[in-house]
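An overview of the molecular structure
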Amino acid sequence: MSDLLAPTPPMGWSSWNGFGPHVNEELIKGIADAMVSSGMKDVGYTYVNIDDFWHGGRGEDGRLFPDPQRFPSGMKALADYIHARGLKFGIYSDAGPKTCGGRPASEGYEELDAQTFAEWGVDYLKYDYCYAPEDRGSAERLYRKMSEALKATGRPIVFSICEWGQRRPWLWGRQVGGQLWRTTGDIADSWSDWPSRQGYALLGIDRIGFDLQRGLEAYAGPGGWNDPDMLVVGLRGKGFIPGPGCTDTEYRTHFSLWCLLAAPLIASCDLRHMDPATRDILTNREVIALNQDPLGRQGYWVGPAEVWVKPLAGGELGVGLFNRGNERATVTAHWSNLEISGRYHVRDLWQHADLGVFEGKFSAEVAPHDCVILRLTPETAR
Ligand code: GLA
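How each quantity is defined
- Residues numbered from 1 in each chain as written.
- Predicted model: local features only at pLDDT ≥ 70, side-chain atom pairs only at ≥ 80, totals over all residues.
- Heavy atoms only, no water.
- Near = heavy atom within 4 Å.
- Polar contact = N/O pair within 3.5 Å; in protein donor to acceptor, adjacent residues only side chain to side chain.
- Areas by Shrake-Rupley, 256 points an atom, 1.4 Å probe, with all protein chains shown as cover.
- 1 Å grid on protein atoms, 1.4 Å probe; cavity = no way out; pocket = protein on both sides within 12 Å on 5 of 7 lines; lining within 4 Å.
- Sits in = over half its atoms within 2 Å of the grid points.
- Nonpolar A, V, L, I, M, F, W, Y, C, P; charged D, E, K, R; others polar.
- Salt bridge = Lys/Arg side-chain N within 4 Å of Asp/Glu carboxyl O.
- Helix = DSSP H or I, 4+ residues; strand = E, 2+ residues; numbered from the N terminus.
- Points joined across faces, edges and corners; volume = space filled by probe spheres on them.
- Pairing = 2+ DSSP bridges.
- Axes fitted to C-alpha atoms, helices over the stretch in contact; angles between N-to-C directions.
- Parallel < 35°, antiparallel > 145°, perpendicular 65-115°, else oblique.
- Contact = heavy atoms within 4.5 Å.
- Expected span 1.5 Å × (residues − 1).
- Buried < 20%, exposed > 50% of the residue type's maximum accessible area, 1.4 Å probe, protein only.
- Domains from an automatic or database assignment.
- Buried area = accessible area lost by both parts, 1.4 Å probe.

**Details of the site of the ligand**
- Residues in close proximity to the ligand include Trp 16, Asp 51, Asp 52, Tyr 92, Cys 100, Gly 101, Lys 126, Asp 128, Cys 162, Trp 164, Arg 182 and Asp 186, which together make up its full environment.
- At 2.6 Å from an oxygen atom of the ligand is found a side-chain nitrogen or oxygen belonging to Asp 186.
- Taken by itself the ligand offers 300 Å² of open surface, and the protein chains cover 92% of this.
- Most atoms of the ligand, that is more than half of them, are within 2 Å of grid points of the largest pocket.
- Of the residues assigned to the shell around the ligand, the class counts are five nonpolar, one polar and six charged.

**A few points about the pattern of salt bridges**
- Enumeration according to the criterion identifies 26 salt bridges in this entry.
- A salt bridge links Arg 347 to Glu 286, with the shortest nitrogen-to-oxygen separation between them at 2.6 Å. You can see Arg 347 sitting in strand β17 (residues 343-348) and its partner Glu 286 sitting in helix α9 (residues 285-291), a full 61 residues away along the chain.
- Here Glu 379 and Arg 343 are joined by a salt bridge, their closest N and O atoms 2.7 Å apart. Remark: Arg 343 occurs in strand β17 and Glu 379 occurs in the segment after β20 (371-378); sequence separation between them is 36 residues.
- A single network of salt bridges, built from pairs that share partners, joins Asp 206, Asp 211, Glu 306 and Arg 324.

**A word on the layout of surface pockets**
- Of the volumes computed, that of the largest pocket is approximately 590 Å³.
- Lining of the largest pocket is provided by 30 residues; of these, Trp 16, Cys 100, Asp 186, Gln 198 and Tyr 200 occupy positions nearest its centre.
- Sorting the residues of the lining of the largest pocket by element identifies α1 (16-19), β6 (124-128) and β10 (201-202) as the ones contributing at least two each.
- Within the lining of the largest pocket, the residues separate by chemical class into 16 nonpolar, six polar and eight charged.
- Of the pockets and cavities examined, the second largest pocket occupies roughly 200 Å³.
- As for the second largest pocket, its lining consists of 14 residues, of which Gly 234, Leu 235, Lys 238, Cys 269 and Asp 270 are closest to the centre.

**Section: the sheet that holds strand β12 (residues 265-267)**
- What the eight strands build is an open sheet, ordered β11-β8-β7-β6-β5-β2-β1-β12; its pairing is parallel. At either margin of the open sheet sits one strand with a lone partner, and together these are β11 (225-227) and β12. Taken over all neighbouring pairs, the strand axes of this sheet differ in orientation by 25 degrees on average, direction set aside.
- The sheet contact formed by β6 and strand β7 (residues 158-162) spans five bridges and is parallel. When the sheet's bridge partners are listed, Lys 126 is paired in β7 with Ser 160.

**Remarks on the packing of helix α2 (residues 25-37) against helix α3 (residues 75-84)**
- In contact at an axis separation of 9 Å, α2 and α3 are set at 10 degrees when each is read in the N-to-C sense. In terms of orientation, α2 lies roughly parallel with respect to α3. Every residue of α3 that contacts α2 at Glu 25, Ile 28, Lys 29, Ala 32 and Asp 33 is listed here: Leu 78, Tyr 81 and Ile 82.
- Looking at the contact of α2 with α3, its residues break down into five nonpolar, no polar and three charged.

**A short note on helix α7 (residues 248-260)**
- A rise of 1.5 Å per residue sets the reference length of α7, with its 13 residues, at 18 Å; its end C-alpha atoms lie 18 Å apart and thus fit the reference within 8%.
- Among the 13 residues in α7, ten count as buried, and that is most of the element.
- Backbone geometry just after α7 places Ala 262 at a positive phi near 55 degrees.

**Things to note about the pairing of strand β1 (residues 11-14)**
- Burial along β1 is two-sided: Met 11 and Trp 13 facing one way and Gly 12 and Ser 14 facing the other are all buried.
- In this structure, β1 lies alongside strand β2 (residues 47-49), joined through three bridges in parallel fashion. Looking across to β2, one finds that Ser 14 is bridged to Asn 49.

**Quick word on the domain arrangement of the protein chain**
- What the domain assignment reports for the protein chain is domain 1 (11-291) and domain 2 (302-381).
- The gap between the C-alpha centroids of domain 1 and domain 2 is 31 Å.
- Both sides together, the interface formed by domain 1 and domain 2 hides about 2000 Å², and carbon and sulfur atoms give 64% of it.
- Area buried by domain 1 at its contact with domain 2 is led by Leu 260, Glu 286 and Leu 290, which between them contribute 34% of it.
- The interface formed by domain 1 and domain 2 contains four salt bridges.
- Between Asp 206 and Arg 324 there is a salt bridge whose closest N-O contact spans 2.8 Å.

Right under this line is the structure:
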């Protein structure tokens, strides 16, 4: 497993949801510092990723260069700064001639851009799909072309496929060299769907998390992950992406579900100014341990609504009892639905409390939009 680039889901931060086009080297350096000082690095966050709008242009030699006003020290120096803190550096391009933001992209320049990124010290490339051909065959070809160009550089670079699930990338993302592939359109900072600036629907965390990942669990595992888009925890309606923001409860449910789904954990709020609730959510080691479990299974719905399970190494289980509704509800995990039998220790991973030994079922009262996240350990295993 150790030769895989992403044996467990990648963890890090991206500039997009919080800052959109407003990226510069002071911001990125500040985020790297905050990733260390806030304790995010200690719990596993590693990648510091610049999304769209870093570009200055393409020089006469054909090479991409960063915006000289906003990145005056250049990308190599920025990568060095990030690496010196024990973190990794991610950047963004697109399979077409232009990025979604209209900046120069990599079509026809795959080898040169891969070489440039490797020379800068890039460790992660998110590769978008604006202005690229609609059909699946072209997408497979263009993504394979870039992943092969990255491999040819000899530098390990995680390859993040972002074609929004439109061509069912879970069927081919791994074969063309991806370690993760977006399964949906863009997320909103909202429990429910919310209009984008252009008027189409951005997806609420409720729909992306509970509805749009069902059935995709067969395609995820060590080295290749379904990506239901970045986290919005802590944006509170003040980030770049639209949305009214969520309550602490809703952000906790979003984070918990992404952990059970073995989703990449890419935070996007301003790590330099996290409020205590945001920090507590993003750094809950016990919930993160479900996400990073070495077995690498993606959690799935077992019902009754809304019980989700993620099988873990050593016969343990992560279990989520969720309430999508607007009234308090009793949610019950039945051992028969979890496909287990016998006695299990049950630990509540938000209360950080052992609840006792249970057999047959476990029930909890769950507030609207809230969740109870459990770790089940076979009694015989302790
Ligand atoms: C697309 C992607 C987003 C972000 C923007 C940047 O919409 O899905 O995640 O990268 O492009 O322009």
